[in-house]
Amino acid sequence: MSFRLRPTFRDALAEASRPLTGMWVCSGSPLVAEICAGAGLDWLLVDMEHSPNGLESVLAQLQAVAAEPVTPVVRVPIGDVVTIKQVLDLGAQNLLVPMISTADEAREIVAAVRYPPRGRRGVGSALARSARWNRVDGYLTDADAHVSLFVQVETAEGVENAAAIAAVDGVDGVFVGPSDLAASMGVLGQQTHPDVTAAVLRAFEAVHGAGKPVGVNAFDPAVAQSYIDAGVDYLLVGADVALLARGSEALAARWVPAADRTERAGY
């Protein structure tokens, strides 16, 4: 029996004629992931860095979204070779690794996703969903074709090194994170500060100059549109938990008298 894996996010970006739009999946719920997967978006980011996601819940979410025409990307919590090995063995074909600020760090991550002699990924495909338990013909020799790797630039140092990071062989794209970038620039919580947006645009130019696609996080529609106008190739425009939070707040605002409500600051 032979099993064919789906195209990677790298492949989807190469074929796209417009920016690919996605959302964060942070709840840890396979049901919520399945709902989001059927919404018509291009891609989903299953987050392990700032969400209650472990190996079991990521596996369940990958299984839940597999039937839908959406590309799942998994953000690992750290660029650790063991964590990356485990997430790849779950069947994640597309990885995003946070907090990459130098080309040397990017090269270490590339090595973690590749089998020897090109890297140091542990070999266990016969036991793993990645190769569908040896049902994918030639997985060990063709594994690089089945996995795409994106790294996240989210520090001032990373922006300065964005061209060198993007140029690393095996890095398929760069994703810019304005939130941590703002923090590293001394303007915590001000993702749309002029200095931050200028840094984001510098990263765009540097990554494109290296011939790689660049993405960004932007929940504000006006900011997202400005990045689209600036040539971004893929972006995240919302999150499951944020939509639920704002939607439930809207229900309370509509149906609960203001005097009986406790107001909370929004994200």
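Residues numbered from 1 in each chain as written. Predicted model: local features only at pLDDT ≥ 70, side-chain atom pairs only at ≥ 80, totals over all residues. Heavy atoms only, no water.

**A closer look at helix 11 (residues 221-229)**
At step 1: Of the residues making up helix 11, those classed as buried are Val 223, Ala 224 and Tyr 227. The buried side chains of helix 11 occupy one side of the element, clustering within an arc of 100 degrees when seen end-on. Opposite the packed face of helix 11, turned more than 90 degrees from it, sit the exposed residues Pro 221, Ala 222 and Asp 229.
At step 2: Of the surrounding secondary structure, the elements contacted by the buried residues of helix 11 are helix 10 (194-209), strand 7 (214-217) and strand 8 (234-239).
At step 3: At the N-terminal end of helix 11, a side-chain oxygen is found 2.8 Å from the backbone nitrogen of Ala 222, two or three residues along, and the residue is Asp 220.
At step 4: Following helix 11 by one or two positions, Gly 231 has its phi on the positive side, about 100 degrees. (Buried < 20%, exposed > 50% of the residue type's maximum accessible area, 1.4 Å probe, protein only. Helix = DSSP H or I, 4+ residues; strand = E, 2+ residues; numbered from the N terminus. Arc of directions from axis to C-beta. Contact = heavy atoms within 4.5 Å. Polar contact = N/O pair within 3.5 Å; in protein donor to acceptor, adjacent residues only side chain to side chain.)

**Quick look at the nonpolar core**
At step 1: Val 74, Ile 84 and Leu 95 are the most contacted members of the largest nonpolar core, which has 56 residues in total.
At step 2: Per-element tally for this core: the top contributor is helix 10, with 7 residues.
At step 3: Counting residues in each nonpolar core, the second largest holds 15 residues, with Leu 13, Trp 24, Cys 26 and Val 73 among its members. (Core = buried A, V, L, I, M, F, W, Y, C linked by side-chain atoms within 4.5 Å.)

**Focus: the sheet that holds strand 5 (residues 148-153)**
Whenever strands of a sheet pair, they do so through backbone hydrogen bonds, lying parallel or antiparallel.
At step 1: An order of 1-2-3-4-5-6-7-8 is seen for the 8 strands of this closed barrel, with the pairing classed as parallel. The sheet shows a mean angle of 25 degrees between the axes of neighbouring strands, direction not considered.
At step 2: Note that strand 5 and strand 6 (residues 173-176) share 4 bridges and pair parallel. In the strand pairing of strand 6, Val 151 is matched with Val 174.
At step 3: Here helix 3 (residues 55-65) sits on the sheet in contact with strand 1 (20-25), strand 2 (43-47) and strand 3 (71-75), set at roughly 170 degrees to strand 3.
At step 4: Along the sheet, helix 10 makes contact with strand 6 and strand 7, crossing strand 7 at roughly 160 degrees. (Pairing = 2+ DSSP bridges. Axes fitted to C-alpha atoms, helices over the stretch in contact; angles between N-to-C directions.)

**Observations concerning the packing of aromatic side chains**
At step 1: Going through the model one piece at a time under the given rule, you end up with 9 aromatic pairs.
At step 2: Arranged with centres 6.5 Å apart and planes meeting at 80 degrees, the rings of Trp 43 and Phe 175 form a pair that is edge-to-face. Of this pair, Trp 43 sits in strand 2 while Phe 175 is found in strand 6, placing the two residues 132 residues apart along the sequence.
At step 3: Taking the relative accessible area as the measure of exposure, Trp 43 reaches 1% and is therefore buried.
At step 4: Taking 5.7 Å as the distance between ring centres and 70 degrees as the angle between the ring planes, the aromatic pair formed by Trp 43 and Tyr 234 counts as edge-to-face. Remark: Tyr 234 occurs in strand 8 and Trp 43 occurs in strand 2; sequence separation between them is 191 residues. In terms of burial, Trp 43 and Tyr 234 fall into one category: buried.
At step 5: Aromatic rings pair up to connect Phe 9, Trp 43, Phe 150, Phe 175 and Tyr 234 into one cluster. (Phe/Tyr/Trp six-rings, centres within 6.5 Å; stacked < 30°, edge-to-face > 60°.)

**What to know about the side chain of Thr 8**
At step 1: You can see Thr 8 is positioned in the segment before helix 1 (9-15).
At step 2: At 3.3 Å, the side chain of Thr 8 and the backbone nitrogen of Arg 10 are in polar contact.
At step 3: Ignoring anything within four residues of it in the chain, the contact list for Thr 8 reads Gln 93, Asn 94, Ala 145, His 146, Val 147 and Ser 148.

**What about the pattern of salt bridges?**
At step 1: Using the criterion set out here, one finds 13 salt bridges in the structure.
At step 2: In this structure, Asp 42 and Arg 18 form a salt bridge, with 2.8 Å as the shortest nitrogen-oxygen distance. Of this pair, Asp 42 sits in the loop between helix 2 (30-37) and strand 2 while Arg 18 sits in the loop between helix 1 and strand 1; the two residues are 24 residues apart in sequence, bridging distant segments of the chain.
At step 3: Ionic pairing is found between Arg 107 and Asp 104, a salt bridge with its closest N-O pair at 2.6 Å. With Arg 107 and Asp 104 both in helix 5 (residues 103-113) and 3 residues apart, this pair spans about one turn of that helix.
At step 4: The exposure class assigned to Arg 107 is partly exposed, which follows from its relative accessible area of 44%.
At step 5: Each of the salt bridges in this network shares a partner with another, and the network as a whole consists of Arg 114, Arg 118, Asp 144 and Asp 169. (Salt bridge = Lys/Arg side-chain N within 4 Å of Asp/Glu carboxyl O.)

**Let's talk about the environment of Arg 129**
At step 1: Turning to its location among the elements, Arg 129 is positioned in the loop between helix 5 and helix 6 (139-146).
At step 2: For the pair formed by Arg 129 and Gly 91, sequence separation is 38 residues and the distance between their alpha carbons is 5.0 Å.
At step 3: In this view, Arg 129 contacts Leu 59, Leu 62, Gln 63, Ala 66, Asp 89, Leu 90 and Gly 91; residues no more than four positions away in its chain are not counted.

**Regarding empty space enclosed by the protein**
At step 1: Applying the stated criterion across every chain, the model contains 2 cavities of 30 Å³ or more.
At step 2: Taken together, Leu 5, Leu 88, Gly 91, Ala 92, Gln 93, Ser 130, Arg 132, Tyr 139, His 146 and Val 147 make up the full set of residues lining the largest cavity.
At step 3: Among the residues making up the lining of the largest cavity, the classes are represented as 5 nonpolar, 4 polar and 1 charged.
At step 4: Taken together, Phe 9, Trp 43, Leu 45, Val 73, Leu 96, Phe 150, Phe 175 and Tyr 234 form the lining of the second largest cavity.
At step 5: Taken together, the residues of the lining of the second largest cavity sort by class into 8 nonpolar, no polar and no charged. (1 Å grid on protein atoms, 1.4 Å probe; cavity = no way out; pocket = protein on both sides within 12 Å on 5 of 7 lines; lining within 4 Å. Points joined across faces, edges and corners; volume = space filled by probe spheres on them. Nonpolar A, V, L, I, M, F, W, Y, C, P; charged D, E, K, R; others polar.)

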